[in-house]
Amino acid sequence: MAATAPMIPSNIADNSSVKTLAESSTLSSVPSHFAIANDSRASHCDSIPIIDFSLLVSDNPDHRAKGLRDLDNACREWGFFVLVNHGISESLLKDIVDVSLEYFELPEEDKRRYEANTVADPITSGTGSVITMANQKINLWRDFVTSYVHPKFHCPPKPHRLREVLVEYSEKTRSVVRKLLQAIGENLELEKGYIDEALKLNSCYQLYAAHYYPPCPQPDQAMGIPTHTDHGLLTLVVHNGVAGLQIQHNGEWFNTNSPQNSFLVNTADHLEIFSNGRYKSVTHRAVVNNEASRISVVMANGSAPDAIVGPAEPLVERDGRAYYRPLKFLEYVENKRSYQHLGKTILDSMKIQDDD
Ligand SMILES: O=C(O)CCC(=O)C(=O)O
Ligand SMILES: [Fe+2]
């Protein structure tokens, strides 16, 4: 006899958060509309690059040169690194994770307020989902909240402490990202200030996203975030110490983890485009486990919303051609978000093939 697909326990509303669902004492398997069979095996790797931010801002030319070299290698080889000694206090990192957790602990009706919102709205919240190639909607094992925090600052009104912490956190992370981008400009041998002007970084786009991945009774039957790349230039991630982010490197999957008080940083689609393909946007995913809740706080950093992001002119000259089409940053982001079908990427559609 065929097994019956597990349903949501009868005491849980159909549109409840995954957090509420996972906390139900009667849940022993993944309900069918969450089911994505997946192989989330990944290896441990000791050679994921560690970038010491203090070297990049050092007055000592030898230290700075080493910092620049390490950063260039990390962006070229991995598109991913662990950033240490960044100067943002441990208490602020703890506060942003704690207050984001408080958001997910709000009553369901507070979180549902932004549920119907689309990518055009400044704040969205709900349970993640994807559309399969067969046009079927599948829920992900993840609740989320997102809010645009720059050039204009938006923030959910609850929990009350979120605004104060997020204002400070977004300012401090933007400053770190700006310095990383200056160093990247130097590594790409662009004139000082070129990257700031070309991407209009004074009005840069910054998105706060917090994800809550509750323990899952069958981790191989559900996904936190399926394989993807990020839009923007650089993404900064902090989390509550529970592992779950995996990156792809040379076709193999690796688990990531970070020492306390560090950021996981990945290069994203617009840096690949801007660098004319020198730096690759890293493919990654978030997997779930059956033991502990994971919470991550992500800051996606891009150019100004109205900046046209294409390959940097001096690099096109050096390479003899552009490898990507230019597109307004916001248009790219909106297209990408509405493109969230499993197995397709908008970055690929931006590549100029030899026979184009
Ligand atoms: O939860 C994480 O560590 C990663 C989240 C992520 O990849 C994203 O928000 O794009
Ligand atoms: Fe991501």
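Residues numbered from 1 in each chain as written. Chains lettered and ligands numbered in written order. Predicted model: local features only at pLDDT ≥ 70, side-chain atom pairs only at ≥ 80, totals over all residues. Heavy atoms only, no water.

(A) Seen up close, helix H3 (residues 61–78). Under the 1.5 Å per step criterion, the end-to-end length of H3 is 25 Å for 18 residues, consistent within 8% with the ideal 26 Å. Measuring from the side-chain oxygen of the N-cap residue of H3 to the backbone nitrogen of Asp 62 gives 2.8 Å; that N-cap residue is Asn 60. Looking one or two residues beyond H3, the residue adopting positive phi is Gly 79, at roughly 65°. (Helix = DSSP H or I, 4+ residues; strand = E, 2+ residues; numbered from the N terminus. Expected span 1.5 Å × (residues − 1). Polar contact = N/O pair within 3.5 Å; in protein donor to acceptor, adjacent residues only side chain to side chain.)

(B) Summary view of the site of ligand 1. Every residue lining ligand 1 is accounted for by His 211, Tyr 213, Ile 225, His 228, Asp 230, Val 237, Leu 245, His 284, Arg 294, Ser 296 and Val 298. Within the contact set of ligand 1, an oxygen atom lies 3.1 Å away from a side-chain nitrogen or oxygen of His 228. The side chain of Asp 230 places a nitrogen or oxygen atom 3.1 Å from an oxygen atom of ligand 1. Taken by itself ligand 1 offers 300 Å² of open surface, and the protein chains cover 91% of this. Going through the elements one at a time, strand S5 (206–213), strand S6 (225–228) and strand S12 (294–301) are the ones with two or more residues in the shell around ligand 1. Counted by class, the shell around ligand 1 contains five nonpolar, four polar and two charged residues. (Near = heavy atom within 4 Å. Areas by Shrake-Rupley, 256 points an atom, 1.4 Å probe, with all protein chains shown as cover. Nonpolar A, V, L, I, M, F, W, Y, C, P; charged D, E, K, R; others polar.)

(C) The arrangement of the coordination of the iron ion (ligand 2) in detail. At 2.1 to 2.2 Å from the iron ion (ligand 2) lie its protein donor atoms, namely His 228 (NE2), Asp 230 (OD) and His 284 (NE2). Take His 228: its relative accessible area is 23%, and that puts it in the partly exposed class. Residue classification places His 284 among the buried positions, given a relative accessible area of 5%. (Donors = N, O, S within 2.8 Å, 3.2 Å for Na, K, Ca; no water. Buried < 20%, exposed > 50% of the residue type's maximum accessible area, 1.4 Å probe, protein only.)

(D) View of the sheet that holds strand S3 (residues 123–131). A sheet is described by the order of its strands in space; here eight strands give the open sequence S1-S2-S10-S7-S12-S5-S4-S3, paired in mixed fashion. Looking at strand neighbours, the two that pair on one side only are strand S1 (50–52) and S3, the edges of this open sheet. Across this sheet, the average inter-strand angle for adjacent strands is 30°, counted without regard to direction. As defined by bridge partners, strand S7 (residues 234–239) adjoins S12 across six bridges and the pair is classed as antiparallel. Pairing of Thr 235 across the sheet is with Ala 300, part of S12. (Pairing = 2+ DSSP bridges. Axes fitted to C-alpha atoms, helices over the stretch in contact; angles between N-to-C directions.)

Honestly, that's just the spatial picture; any functional story needs more than this.
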